[in-house]
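The residues making up each chain are set out below.
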Amino acid sequence: MKSILPICILLLIISCTPDSSTELKIREYEGSVCGNCPKVRISIPEAEDNTKLGKSVNRAVREEIIELLDFAEDKTVVDIPGAIEAFTMGFRNLQNEFPEELTGWEASVTGTKSYEDPSLLTLHMETYIFTGGAHGYGATRYLNFDKKTGAELSGTELLNDPEAFSEFAEKAFRKTYDIPEEAPINSTGFMFAENRFTLPENIGLAAEGIVLHYNPYEVASYADGALILKIPMEQGLPFLNKPDY
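Residues numbered from 1 in each chain as written. Predicted model: local features only at pLDDT ≥ 70, side-chain atom pairs only at ≥ 80, totals over all residues. Heavy atoms only, no water.

Undergrad: Quick rundown of helix 4 (residues 162–176)? Include the residues and the values.
TA: Two residues of an α-helix separated by three or four positions point the same way, owing to the 3.6 residues in each turn. Between its first and last C-alpha, helix 4 extends 20 Å over 15 residues, near the 21 Å set by a 1.5 Å rise per residue. Summarising the contacts, the buried residues of helix 4 are in contact with strand 8 (209–214) and strand 9 (227–232). Taken from the residues just after helix 4, Asp-178 is the one with a positive phi, measuring 55°. (Helix = DSSP H or I, 4+ residues; strand = E, 2+ residues; numbered from the N terminus. Expected span 1.5 Å × (residues − 1). Contact = heavy atoms within 4.5 Å.)

Right, here's the structure in full:
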């Protein structure tokens, strides 16, 4: 009995620990279905509470979608339905000018929760847009949030020493993509600015660790697609800003 008692106490403590997960509800948006309407499909997580974190999550997701769909310079759109309408009007205006040349437009956004612990929430956003030409463009965005303050964090703000992490990541990148250690980083066809390795615009956390995501054109051609480097959590943990990540 003595050996079982500590286990029972531990299980009781775990069962009584409040769930710290953020309540997010998937919400769907679609554009109008008609002969001269672009196809728009949006599926995103939305926070239903009015906390600092909930407001920050909804604002960041909303701004991502507005940036994707609204091409106007003044950016007067304030919500997702308005962004869909702006995208639709952009298509119709161009259709009026080039009725015989314009092909159908399309846009989609899918958002999911990538990672969460008591301090940090990371959302994973997949976007795709086609407005003519040879092909559309798909991209990934990681949105990171400090759960205690509600602040949105850039990828480098997750790190306690971005420069040291960049050196570590370069070694992992070279190994993953077969670049000789002593050769220039662009020696096998990559396109890093000034031939120097840099961290991507998108850094986020997932269950398996730190994810570095280079979107098409960022450091390679469109044909190369996205370049993804995953740093296992046990290796990346010393570089993270907070011990409970």
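Undergrad: Lay out the confidence of the model for the chain in plain terms, naming residues and giving numbers.
TA: Close inspection of predicted coordinates is inappropriate in any region flagged by low pLDDT. Considering every residue of the chain, the mean pLDDT works out to 89; 91% of them sit at 70 or more. Considering each helix and strand of the chain separately, the mean pLDDT is smallest for helix 1 (residues 5–16), with a value of 40, and largest for helix 4, with 98. Across residues 1–18, confidence stays below pLDDT 50; counting only partners more than four residues off in sequence or on other chains, it has 0 contacts. (pLDDT = per-residue confidence, 0-100.)

Undergrad: Hey, could you go over the pairing of strand 3 (residues 106–116) for me, with residue numbers and the actual values?
TA: As paired strands, strand 2 (residues 39–47) and strand 3 are joined by 5 bridges and run parallel to one another. The partner of Ile-42 across the bridge, within strand 3, is Val-109. Pairing of strand 3 with strand 4 (residues 120–130) involves 10 bridges; the strand directions are antiparallel. If you follow Ser-108 over to strand 4, its bridge partner there is Tyr-128. Turn length for the strand 3-strand 4 hairpin, with the two strands adjacent in sequence and antiparallel, is 3 residues. (Pairing = 2+ DSSP bridges.)

Undergrad: Tell me about the state of the cysteines, and please be specific about residues and values.
TA: If you walk through the whole model with that rule in mind, you get 1 disulfide. With a sulfur-sulfur separation of 1.7 Å, Cys-34 is cross-linked through a disulfide to Cys-37. Judged by the sign of its S-S torsion, about 85°, the bond between Cys-34 and Cys-37 is right-handed. Take Cys-34: its relative accessible area is 35%, and that puts it in the partly exposed class. (Disulfide = S-S within 2.5 Å. Buried < 20%, exposed > 50% of the residue type's maximum accessible area, 1.4 Å probe, protein only.)

Undergrad: Give a detailed account of the layout of surface pockets, specifying residues and quantitative values.
TA: Reported here for the largest pocket is a volume of approximately 240 Å³. Taken together, 13 residues make up the lining of the largest pocket; nearest its centre are Thr-127, Tyr-137, Ala-139, Arg-141 and Asn-215. Listed by contribution, the elements that provide at least two residues to the lining of the largest pocket are helix 2 (52–69), strand 4 and strand 5 (137–146). If one sorts the elements of the lining of the largest pocket by residue count, strand 5 sits on top with 4 residues. (1 Å grid on protein atoms, 1.4 Å probe; cavity = no way out; pocket = protein on both sides within 12 Å on 5 of 7 lines; lining within 4 Å. Points joined across faces, edges and corners; volume = space filled by probe spheres on them.)

Undergrad: Requested: an account of the pairing of strand 7 (residues 202–206), with residues and values cited.
TA: A large share of strand 7 lies buried, amounting to 5 of its 5 residues. Burial along strand 7 is two-sided: the residues Asn-202, Gly-204 and Ala-206 and Ile-203 and Leu-205 are all buried. In this structure, strand 7 lies alongside strand 8, joined through 5 bridges in antiparallel fashion. Paired with Ile-203 across the two strands is Leu-212, which belongs to strand 8. Hairpin connection, strand 7 to strand 8: the antiparallel pair is bridged by 2 residues.

Undergrad: Requested: an account of helix 3 (residues 80–97), with residues and values cited.
TA: Over its 18 residues, helix 3 extends 26 Å from the first C-alpha to the last, a length consistent with the 26 Å expected when each residue adds 1.5 Å. Among the residues of helix 3, Ile-80, Ala-83, Ile-84, Phe-87, Thr-88 and Phe-91 are the ones counted as buried. End-on, the buried residues of helix 3 take up no more than an arc of 135°, which puts them together on one face. The exposed residues of helix 3 that point more than 90 degrees off its buried face are Asn-96 and Glu-97. Structurally, helix 3 contributes buried residues whose contacts are with strand 1 (24–30), strand 2, helix 2, strand 3 and strand 4. For helix 3, the N-terminal cap is Asp-79; the gap from its side-chain oxygen to the backbone nitrogen of Gly-82 is 2.8 Å. (Arc of directions from axis to C-beta. Polar contact = N/O pair within 3.5 Å; in protein donor to acceptor, adjacent residues only side chain to side chain.)

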